[in-house]
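# Fold and geometry: a report
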Amino acid sequence: MDIQNVKGTHDVILDEANAYEYIENVMKAIAESYAFKQFRIPVIENSNLFQRSVGESSDIVRKEMYTFKDKGERLITLRPEFTAGIIRSFVNNKLYATKDLPVKAYYVGPVFRYERPQLGRYRQFNQFGIETIGTDNFYHDVEAIVLGYSILKSLGLENVKVKINTLGDLESRKNYKEALKTFFEPHLNNMCSDCKQRFALNPLRILDCKVEDDKKIIADAPKMTNYLSSESKNRFNKVITLLKEIGVDFEIDDTLVRGLDYYSQTVFEFHYSSSKGVDYGAIGAGGHYDSLVKEIGGPQLEGVGLSFGIERVYSVMADDGLTGFESAGLDIYVMPIGEAEQEIGFYLTSNLRQYGFSCEIDLSNSKIGSMLKKANRLQAHFAIIIGEEEIDSKKATIKNLKTQEQVKIDFDDLINYFDKAFQLNDDHHECHHDDECCCHKEKDVDGHHCCKHHKGENE
Ligand code: AMP
């Protein structure tokens, strides 16, 4: 039977997986440099968490959640986003009682939404994000936007466009929603069924409708800015002024309301026009929230969050030729010629690995020529050949696959030999036995990768 992956999911493998790892590591490193700390929360949560937080009027809660009953008859949902779970964790662990508010959390991992699969839209995808919890200070809204902007710039994405809007405080939103209801009521019969539901649950969400005919009606709808309290207006002006001073390229979009009900005040999205001109939708988004912590059982504390879709960030990077990642090559490829030689080969391989060299053994028992071809495919630096003669003399034949030079080295002296060989070699690096090694991790302090991991970067 041919078993396919579940619709809307995708495998991230080989070079693409390297690219994802790189993207996530850059995001983590920058978030940590802004004093965010990692949170790892469960993939499954009690379903009512999302009903209460993300909101009954959101598409996510209305039709996109993977919800099921577990064997104990509990209603469980695969997380459709992280914010609600992070806040639940903040409340459950009583982090609000800390003297060090706001708590600054970052996270990365898969989320699940039963959406219609299309370009840039999956049913299981990955998010990286941050939450600053326990603050109503507008500086933290700006910090979240600047952090997102810096992350994208650090990934080499130069044409980032930030869209920003304000939803004002509760009172402003209440007045605005009433004005929207009055405006949309006579048009409702001509609008899509989603909009009819949104009208009843949260008319703000109508502004987010993507149906062309509805968009024409929406264009004449009242604007939020006319319903903002003076405090909310002031707050938004401060955000905008600061962003301009810092040099973030943004535009105000007064139809931006975001798909989740918990937002208030500042909301924003990151867009990117890649060189291929493909529109993947927002690559990141977020905003301020005022009552989420209370909603989930904590005290009245506000916060701000931001979340990137790793798949979409990867796609725009790939379009712009920024994903030239390849697996780091191997240090050593061990080639026992014959079954009898495999035992000593296996022993030597284990020893080399324990010492920190990346090492693979060829157990195919094939001809030396085909083993060498495989060594080259794996980008091995050295091959160790072990045949009868090598066992008799207790000396391995070592072939430098870059220079094709061959030497014979005592089995007991191999570690010493490779240690020196890699120290002398410019192309390699001080990785071995170095706790600070950044292979597969972040860039070093000079912004370089110490490995071949990020193609061309060190050249
Ligand atoms: P949201 O949690 O809806 O604010 O989304 C945050 C980010 O996640 C978006 O800006 C997208 O980059 C990404 N995203 C949202 N939905 C999907 C999806 N179905 N597939 C891939 N990425 C998504």
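For every chain, the first residue of the written sequence is number 1, and numbering continues from 1 onward in sequence order. In view of the model being predicted, local features appear only for residues whose pLDDT reaches at least 70, and side-chain atom pairs are presented and counted only at 80 or more, with totals across whole chains, interfaces and linings using the full set of residues. Calculated side-chain values reflect all of the structure's heavy atoms, with hydrogen atoms and water omitted.

Helix and strand content of the chain: 15 helices and 16 strands. Referenced to the eigenvectors of the C-alpha coordinate spread, the extents of the chain come out at roughly 95 × 55 × 45 Å. The buried share of the chain, reckoned over its 459 residues, is 51%. Long-range contacts, defined here as pairs at least 24 residues apart, represent 69% of the contacts in the chain between residues at least 6 apart. When charges are counted, Lys and Arg are positive and Asp and Glu negative, with His and the chain ends excluded. To locate a charge, the coordinates of NZ of Lys, CZ of Arg, CG of Asp or CD of Glu are taken. In the chain, 56 positive and 73 negative side-chain charges are present, and the distance between their average locations comes to 6 Å. Helix numbering and strand numbering both begin at the N terminus, where a helix is a DSSP run of H or I of at least 4 residues and a strand a DSSP run of E of at least 2. Buried, partly exposed and exposed residues are distinguished by accessible area as a fraction of the type maximum, computed with a 1.4 Å probe on protein chains only: under 20%, between the cut-offs, and over 50%, respectively. Throughout, a contact is declared for two residues whenever any of their heavy atoms are within 4.5 Å.

Its location among the elements puts N202 in the loop between α7 (193-201) and α8 (212-219). Discounting chain neighbours no more than four positions away, the residues touching N202 are S57, K177 and D261.

The quantity called pLDDT is the predictor's confidence in a given residue, expressed from 0 to 100. Looking at the chain as a whole, the pLDDT averages 91, with 92% of positions reaching at least 70. Low pLDDT, under 50, characterises residues 426-459; the predicted model gives this stretch 58 contacts beyond four residues in sequence or across chains.

This next bit is on a nonpolar patch on the surface. What goes into a patch is any residue over 30% in relative accessible area without a salt bridge, connected to like charges within 9 Å or, for nonpolar side chains (Val, Leu, Ile, Met, Phe, Trp, Tyr), within 5 Å. In short, Shrake-Rupley with a 1.4 Å probe defines the accessible areas, and a residue's cover is counted only from the protein chains shown. Think of a salt bridge as a Lys or Arg side-chain nitrogen and an Asp or Glu carboxyl oxygen that are within 4 Å of each other. A contiguous nonpolar surface patch, about 230 Å² in accessible area, is contributed by V43, I44 and F68. Residue class for I44 comes out partly exposed when judged on its relative accessible area of 46%.

Cis peptide bonds are those with omega within 30 degrees of zero, and the linkage from L101 to P102 qualifies with 0 degrees. If you trace the backbone, P102 turns up in the loop between α4 (83-92) and β5 (103-112). Even without glycine at this site, Q379 takes up a positive phi of about 55 degrees. The topology assignment puts Q379 in the loop between α13 (368-377) and β14 (382-386).

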